[in-house]
Amino acid sequence: MTYSAIITDIEGTTTRISFVTEVLFPYARLHLAAFVRQHQQQPAVLAELTAVREQLQQPEADVEQCISALLSWLDADQKITPLKSLQGMIWQEGYQQGHFTGHLYPDAVAQLQTWQQRGIPLYIYSSGSVTAQQLLFKYSNAGDLTPLLSGYFDTRIGGKRDLASYQAILKQLQLPPAQVLFLSDVVAELDAARQAGMATVQLIREQQAASDHPVAENFYQIEV
């Protein structure tokens, strides 16, 4: 089938999970406290600290309390929007200073390029912030791939395992659900997308168990 749009997850789908868990997360944890202290008066950081206080329901929480909460959320791998936004800001410095480049599987790069050349709009939906998504593709190991992408979605549109998130994405795309293909390695995300009417493919790159979704070991195996 020819799809009118393809939406892909990042971690475990376009990108090796260990890049996130062994490179990005430790870098953010190492630099988070100093970054927040240094930039706390900048509007973008101040806005996220306000969101942290709202999340904590502690409007008077000081910067150190916010940092403590952020670190605890990071250690628990919680998908909380202000944490993800601040991580993105920290990673931006890391990418720009050349401390690392974004990992993308070669098959993902090749097929995204092929699909884009065929005129299929490509989107990212990840629990990482839109900023973090853009950075990974801009500073990737295959160069700047942001021209391939038509848009990005993160947890601001909703949780990745929630039906309502995929319905909201479809509303933005203004496309019939069956004409949209969603790619992920996480079955619960694929289930939610399928509930919304999207076509799905599960990427099995490492040790994931297969499900009742169509499966592929790499992007070359995805029929589009």
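Below, the structure is looked at part by part. Not measured: the values here are computed from a predicted model.

Another point: helix H2 (residues 43–56). The first and last C-alpha atoms of H2 sit 20 Å apart over 14 residues, in line with the 20 Å expected at 1.5 Å per residue. Those residues of H2 not exposed but buried are Val45, Glu48, Leu49, Val52 and Arg53. Seen from one end, H2 has its buried residues packed into an arc of 150°, which puts them on one side. Looking at H2, the residues exposed on the side facing more than 90 degrees away from the buried face are Pro43 and Glu54. Looking at the buried residues of H2, the elements they touch are helix H1 (17–39), helix H3 (63–75) and helix H4 (81–96).

It is worth spelling out the layout of surface pockets at this point. Within this model, the largest pocket holds a volume of roughly 420 Å³. The wall of the largest pocket is formed by 25 residues, among which Glu11, Lys79, Ser126, Ser127 and Gly128 lie closest to the centre. Among the elements of the structure, H1, H4 and helix H6 (130–138) are those that each provide at least two residues to the lining of the largest pocket. Of the residues that constitute the lining of the largest pocket, the class distribution is ten nonpolar, seven polar and eight charged.

Turning to the sheet that holds strand S1 (residues 5–8), a few remarks are in order. Backbone-to-backbone hydrogen bonds join strands into a sheet, with any given pair of strands oriented parallel or antiparallel. Read across the sheet, six strands follow the order S3-S2-S1-S4-S5-S6 without closing on themselves; strand pairing throughout is parallel. Edge positions in the sheet fall to strand S3 (151–153) and strand S6 (215–216), since each has one partner strand and no second. Across the sheet, H6 touches strand S2 (122–125) and S3, and the angle it forms with S3 is around 135°. Packed onto the sheet, helix H8 (residues 187–195) meets strand S4 (180–184) and strand S5 (199–203) and runs at close to 170° relative to S5.

Of note, the phi angle at Asp77 is positive, near 55°, even though the residue is not glycine. Mapped onto the elements of the fold, Asp77 is located in the loop between H3 and H4. Judged by relative accessible area, Asp77 falls into the partly exposed class, the value being 38%. Although it is not a glycine, Gln174 sits at a positive phi angle of roughly 55°. In this structure, Gln174 sits in the loop between helix H7 (163–173) and S4. The exposure class of Gln174 is exposed, given its relative accessible area of 63%.

Cut-off values and rules
Residues numbered from 1 in each chain as written. Predicted model: local features only at pLDDT ≥ 70, side-chain atom pairs only at ≥ 80, totals over all residues. Heavy atoms only, no water. Helix = DSSP H or I, 4+ residues; strand = E, 2+ residues; numbered from the N terminus. Expected span 1.5 Å × (residues − 1). Buried < 20%, exposed > 50% of the residue type's maximum accessible area, 1.4 Å probe, protein only. Arc of directions from axis to C-beta. Contact = heavy atoms within 4.5 Å. 1 Å grid on protein atoms, 1.4 Å probe; cavity = no way out; pocket = protein on both sides within 12 Å on 5 of 7 lines; lining within 4 Å. Points joined across faces, edges and corners; volume = space filled by probe spheres on them. Nonpolar A, V, L, I, M, F, W, Y, C, P; charged D, E, K, R; others polar. Pairing = 2+ DSSP bridges. Axes fitted to C-alpha atoms, helices over the stretch in contact; angles between N-to-C directions.

Distances and angles like these do not, on their own, reveal function.
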